[in-house]
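The chain contents come next:
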Amino acid sequence: MIEVKNLTKQYGTHTAISDLNFTVNAGEIVGFLGPNGAGKTTTMNIMTGFIAATRGDVAIDGQDIIAEPEKAKQQIGYMPDTPPVYGDMRVDEYLGFVADIKKVPRGDRKHMLHQIKAQVQILDVSRRLIKNLSRGYRQRVGLAQAMVGNPRVIIMDEPTIGLDPKQIIEMRDVVKSLGKKHTVMLSSHIMQEVSAVCDRVIIINRGNIVAQGTPKELSASLTKAEGMNQLRVKATSEAARAALKDFTVIRHVEISASDEPGTVDLQLAGESGADIREAIFRAFAKHNLPILSMRSMDLSLEEVFLKLTGDRRTS
């Protein structure tokens, strides 16, 4: 449904994005992640035809965004991080205005707009001025305008920015529902949001794609590479650390108090993701310190993001 090939954007000597290649299949909800300045918004602006690429191609349902802009844009609904709503218009007036721009046949409008308003849950504010709505409702109106015309692809840039926790949960539910009829691509800094709604994730850093796959795939690949193990040992912190000091294959040691009296929790890893479970067993057996539990650690999407981008500014 979306195909991006060798996409590059340069501003003078600065390269904002470099040779991006990815596809988004019909019916997928894909998260586009990256730290501030990574190139997410630049990529989305090119994909939607707002700015031109220095080189590379974007096709929406087989239509090139540059060679066939009108046909391609008919398939796209775009919700930027600041929705393009007009505060002095009522919600119904604004959505009717958007329907005019998108050339929605008048005979189809009433039913279409009613369905959209019901889906994004703004039926109760249809007659209100947009400037008098809360941030959450304005975001929903912005999403509604992206859905007018029933585009096959919906692209959203930070759809939950500035929302309170309740509004975030409500917006997530709306995004999930979109996946039943649309192909969705969204950017976000909120890892829980992406884990909750996205089928697949693309992570970008400094203008380059550093990883893509399902959240589970990314976690599994990095968990294996890190070789991190979590265990609980019947010991004091000092005794546990002393037991490990002669085993140089164990490179990472983190010890913390547990909620079980007389025990400590440890996080241990080996060089280059080596399997150190046997070394762990030998280390503690040698000092007669019982291991009460041990398991490989699965990294969360947030931990995956931080390891791949080195960024500490996630929300």
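Right, let's walk through the structure included here.

Description of the nonpolar core
- L143 and M156 are the most contacted members of the largest nonpolar core, which has 46 residues in total.
- The residues touching L143, leaving out its near neighbours within four places in the chain, are M79, V120, I154, M156, M171, V174 and L178.
- With 25 residues, the next largest nonpolar core counts L20, F22, A38 and I46 among its residues.

Remarks on the pairing of strand β12 (residues 250-257)
- Note: β12 against strand β13 (residues 264-270), seven bridges, orientation antiparallel. Among the inter-strand pairings, S256 is bridged to a residue of β13, identified as D265.
- Following β12, the chain reverses through six residues before pairing antiparallel with β13; G262 in that reversal takes a positive phi of roughly 80°.

As for a nonpolar patch on the surface
- On the surface, a cluster of nonpolar side chains totalling about 310 Å² of accessible area is made up of Y86, F97 and I101.
- By secondary structure assignment, the location of Y86 is in the loop between β6 (76-79) and α3 (91-101).
- With relative accessibility at 46%, the residue Y86 sits in the partly exposed group.

So, the packing of helix α4 (residues 106-120) against helix α5 (residues 135-147)
- Direction vectors running N to C along α4 and α5 enclose 140°, while the axes themselves pass 10 Å from each other. Comparing their axes, α5 and α4 come out oblique. Where α4 crosses over α5, the handedness of that crossing is right-handed. Contact residues: α4 offers I116, Q119 and V120, while α5 offers R140, L143, A144 and M147.
- Each residue belonging to the contact of α4 with α5 can be placed in one class, and the counts come to five nonpolar, one polar and one charged.

Quick look at the pattern of salt bridges
- Throughout the structure, instances matching the rule amount to 13 salt bridges.
- Notably, a salt bridge pairs E28 with R200, separated by 2.9 Å at the nearest N-O pair. Taken as a pair, E28 in the loop between β2 (14-24) and β3 (29-33) and R200 in strand β9 (residues 200-205) lie far apart in primary sequence, 172 residues in all.
- E28 sits in the buried class, given a relative accessible area of 13%.
- In this structure, D88 engages K131 in a salt bridge whose closest nitrogen and oxygen atoms are separated by 3.2 Å. Placement of the pair is D88 in the loop between β6 and α3 and K131 in the loop between α4 and α5, with a sequence separation of 43 residues.

Some points on α4
- With 15 residues, α4 should cover 21 Å at 1.5 Å per step; its first-to-last C-alpha distance of 21 Å lies within 8% of that length.
- Next to the buried residues of α4 lie α3, α5 and α6 (165-178).
- Of the residues one or two after α4, Q121 is the one with positive phi, at around 65°.

Re the packing of aromatic side chains
- For the structure on display, the rule yields four aromatic pairs.
- Centre to centre, the rings of Y86 and Y94 are 6.1 Å apart; their planes meet at 65°, and the pair counts as edge-to-face.
- In this structure an aromatic cluster arises from ring pairing among Y86, Y94 and F97.
- The ring centre of Y11 lies 5.1 Å from the NZ or CZ of K9, which sits over that ring.

Rules used throughout
Residues numbered from 1 in each chain as written. Predicted model: local features only at pLDDT ≥ 70, side-chain atom pairs only at ≥ 80, totals over all residues. Heavy atoms only, no water. Core = buried A, V, L, I, M, F, W, Y, C linked by side-chain atoms within 4.5 Å. Buried < 20%, exposed > 50% of the residue type's maximum accessible area, 1.4 Å probe, protein only. Contact = heavy atoms within 4.5 Å. Pairing = 2+ DSSP bridges. Helix = DSSP H or I, 4+ residues; strand = E, 2+ residues; numbered from the N terminus. Patch = residues over 30% accessible without salt bridge, like charges linked within 9 Å, V, L, I, M, F, W, Y side chains within 5 Å. Areas by Shrake-Rupley, 256 points an atom, 1.4 Å probe, with all protein chains shown as cover. Salt bridge = Lys/Arg side-chain N within 4 Å of Asp/Glu carboxyl O. Axes fitted to C-alpha atoms, helices over the stretch in contact; angles between N-to-C directions. Parallel < 35°, antiparallel > 145°, perpendicular 65-115°, else oblique. Left-handed = near helix turned anticlockwise from the far one by under 90°. Nonpolar A, V, L, I, M, F, W, Y, C, P; charged D, E, K, R; others polar. Expected span 1.5 Å × (residues − 1). Phe/Tyr/Trp six-rings, centres within 6.5 Å; stacked < 30°, edge-to-face > 60°. Lys NZ or Arg CZ within 6 Å of the ring centre and 35° of its normal.

Limitation: the analysis is restricted to geometry and does not speak to function.
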